[in-house]
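Notes for the structure review
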Amino acid sequence: MDIKERYLQVLKLKEEATVRSGRSGEEIILIGVTKTHPAEEINQAIDAGITDIGENRAQELLEKYNDVKPVRWHFIGKLQTNKVKSIIDKVEMIHSVDSIRLAREIDKRAKMAGKRMDILIQVNSAMEDTKTGIHPKELKSMVADIIDECDNVRICGLMCIPPIAENPEDSRPYFKEMKTLLENMKMWDFPRSKLSPTHISMGMSGDFQVAIEEGSTMIRVGSSIFGPRNYK
Ligand SMILES: *Cc1c(COP(=O)(O)O)cnc(C)c1O
């Protein structure tokens, strides 16, 4: 199968999960995760109809940026503060904010660029050492701090990467927890211009159907669209 065929296959699976869970397809954005794949392949996906792509390394995003057709870029990986400056005017949303320090830098650079940056807070409910993300218990105080200090940032929801699992059902409890957290956030009394908790970025190639069933609004799908990755 080529990229277009795999993309259409993913769309079909996405649609099936959407219907099964009584949701509407427009609510759920498919982000094609393009790390390790060259601009040429990304453009094939764009020609096939993909509207959103995600990269997890700033350097790689910058290397490809000018060769990729117009599309919405998402930053989905660990972001070092010294890289914020280089991507601030290129991405639609930063999914992986896990410290007030990073939020402050995003705020500063967004202000300089004359824009407001949409962000998600990355939550790590499994509390694995190898992964980034804050503990759910820290969420409210971090949201309060960001709202207090960062005028050029809008918190749009949550992102999570559950532990790697062979069975997609193993991810379900983590997805459920994210949905509960998002529903809690909706009741917090902060200005909607600062906190607009509408998105949950969760679900990858192995488990995006389960994620949709549990309320994901952004699925991040790499290998199912672009094939296996060759890390250099
Ligand atoms: C690589 C990556 C994905 C996509 O993973 P696949 O299993 O290839 O779909 C999703 N989210 C993040 C943060 C990633 O780094």
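Now for a look at the structure at hand. Not measured: the values here are computed from a predicted model.

**Some details on the site of the ligand**
- Close contacts around the ligand come from Val 33, Lys 35, Asn 56, Ile 76, Ile 161, Met 204, Ser 205, Arg 220, Val 221, Gly 222, Ser 223 and Arg 229, and that covers them all.
- Between the ligand and Ser 205 there is a distance of 2.6 Å, counted from an oxygen atom to a side-chain nitrogen or oxygen.
- Note that an oxygen atom of the ligand is positioned 2.8 Å from one of the backbone N or O atoms of Gly 222.
- Burial of the ligand by the surrounding chains reaches 89%, relative to a free accessible area of 390 Å².
- Class assignment of the residues belonging to the shell around the ligand gives a composition of 5 nonpolar, 4 polar and 3 charged.

**Examining helix α1 (residues 3-20)**
- Between its terminal C-alpha atoms α1 stretches 26 Å, which fits the 26 Å expected from 18 residues at 1.5 Å a residue.
- On the buried face of α1, the contacting elements are β1 (29-33), α2 (39-48), α8 (208-213), β8 (218-221) and α9 (223-226).
- Of the residues flanking the start of α1, the one acting as N-cap is Asp 2, its side-chain oxygen 3.3 Å from the backbone nitrogen of Lys 4.
- At the exit of α1 stands Gly 22, carrying a positive phi of roughly 65°.

**A closer look at empty space enclosed by the protein**
- All told, the structure shown has 1 cavity of 30 Å³ or more when counted by the stated rule.
- Approximately 40 Å³ is the volume found for the largest cavity.
- Lining of the largest cavity is provided by Val 123, Asn 124, Ser 125, Ala 126, Cys 160, Ile 161, Pro 162, Pro 163 and Tyr 174.
- Of the residues that constitute the lining of the largest cavity, the class distribution is 7 nonpolar, 2 polar and no charged.

**Considering the pairing of strand β6 (residues 153-159)**
- By the criterion of burial, β6 is predominantly enclosed, with 6 of the 7 residues buried.
- Bridge count for strand β5 (residues 117-122) against β6 is 6 bridges, and the pairing is parallel. The residue of β6 that forms the bridge with Asp 118 is Arg 154.
- Pairing of β6 with strand β7 (residues 195-201), which is carried by 4 bridges, proceeds in the parallel orientation. Considered in β7, the bridge of Leu 158 is made with Ile 200.
- Each parallel crossover has a hand, and the one from β6 via helix α7 (residues 172-186) to β7 is right-handed.

**Here we look at the environment of Ser 205**
- Relative to the elements of secondary structure, Ser 205 occurs in the loop between β7 and α8.
- Distance in space between the C-alpha atoms of Ser 205 and Ile 225 is 8.4 Å, their sequence separation being 20 residues.
- A distance of 3.4 Å separates polar atoms of two side chains, one belonging to Ser 205 and the other to Ser 223.
- From its side chain, Ser 205 meets the backbone nitrogen of Ser 224 in a polar contact 3.0 Å long.

**Side note on the side chain of Arg 220**
- Looking at the secondary structure, you find Arg 220 in strand β8.
- Although Arg 220 is buried, it makes no salt bridge; Asp 207 carries the closest opposite charge, 7.2 Å away.
- In this structure the side chain of Arg 220 is engaged in a polar contact, spanning 3.3 Å, whose partner is the backbone oxygen of Cys 160.
- Polar contacts involving the side chain of Arg 220 include one to the side chain of Ser 201, which spans 2.9 Å.

**Some remarks on the side chain of Glu 105**
- Along the polypeptide, Glu 105 turns up in helix α5 (residues 100-113).
- Separated by 2.9 Å, the side chains of Glu 105 and Arg 109 make a polar contact.
- Sequence-distant contacts of Glu 105, defined by excluding residues within four places in its chain, comprise Thr 81 and Val 84.

**As for the nonpolar core**
- Ile 94, Ile 106, Ile 119 and Ile 146 are the most contacted members of the largest nonpolar core, which has 63 residues in total.
- Contacts of Ile 146, omitting those with residues within four sequence positions, involve Ile 100, Ala 103, Ile 119, Ile 121, Val 153 and Ile 155.
- With 6 residues, the next largest nonpolar core counts Ile 31, Leu 120, Cys 156 and Met 218 among its residues.

**Topic: the packing of aromatic side chains**
- The tally for this structure, following the rule as stated, stands at 1 aromatic pair.
- With a centroid separation of 5.3 Å and 40° between ring planes, the pair formed by Tyr 65 and Trp 73 is classed as tilted.
- The buried category is assigned to Trp 73, whose relative accessible area is 3%.
- The side chain of Lys 90 reaches across the aromatic face of Tyr 65, ending 5.4 Å from its centre.

Definitions and limits used
Residues numbered from 1 in each chain as written. Predicted model: local features only at pLDDT ≥ 70, side-chain atom pairs only at ≥ 80, totals over all residues. Heavy atoms only, no water. Near = heavy atom within 4 Å. Polar contact = N/O pair within 3.5 Å; in protein donor to acceptor, adjacent residues only side chain to side chain. Areas by Shrake-Rupley, 256 points an atom, 1.4 Å probe, with all protein chains shown as cover. Nonpolar A, V, L, I, M, F, W, Y, C, P; charged D, E, K, R; others polar. Helix = DSSP H or I, 4+ residues; strand = E, 2+ residues; numbered from the N terminus. Expected span 1.5 Å × (residues − 1). Contact = heavy atoms within 4.5 Å. 1 Å grid on protein atoms, 1.4 Å probe; cavity = no way out; pocket = protein on both sides within 12 Å on 5 of 7 lines; lining within 4 Å. Points joined across faces, edges and corners; volume = space filled by probe spheres on them. Buried < 20%, exposed > 50% of the residue type's maximum accessible area, 1.4 Å probe, protein only. Pairing = 2+ DSSP bridges. Right-handed = clockwise from strand over helix to strand, strands pointing away. Lys, Arg positive; Asp, Glu negative; His and termini not counted. Salt bridge = Lys/Arg side-chain N within 4 Å of Asp/Glu carboxyl O. Core = buried A, V, L, I, M, F, W, Y, C linked by side-chain atoms within 4.5 Å. Phe/Tyr/Trp six-rings, centres within 6.5 Å; stacked < 30°, edge-to-face > 60°. Lys NZ or Arg CZ within 6 Å of the ring centre and 35° of its normal.

Such coordinate-based values are descriptive only and should not be taken to indicate function.
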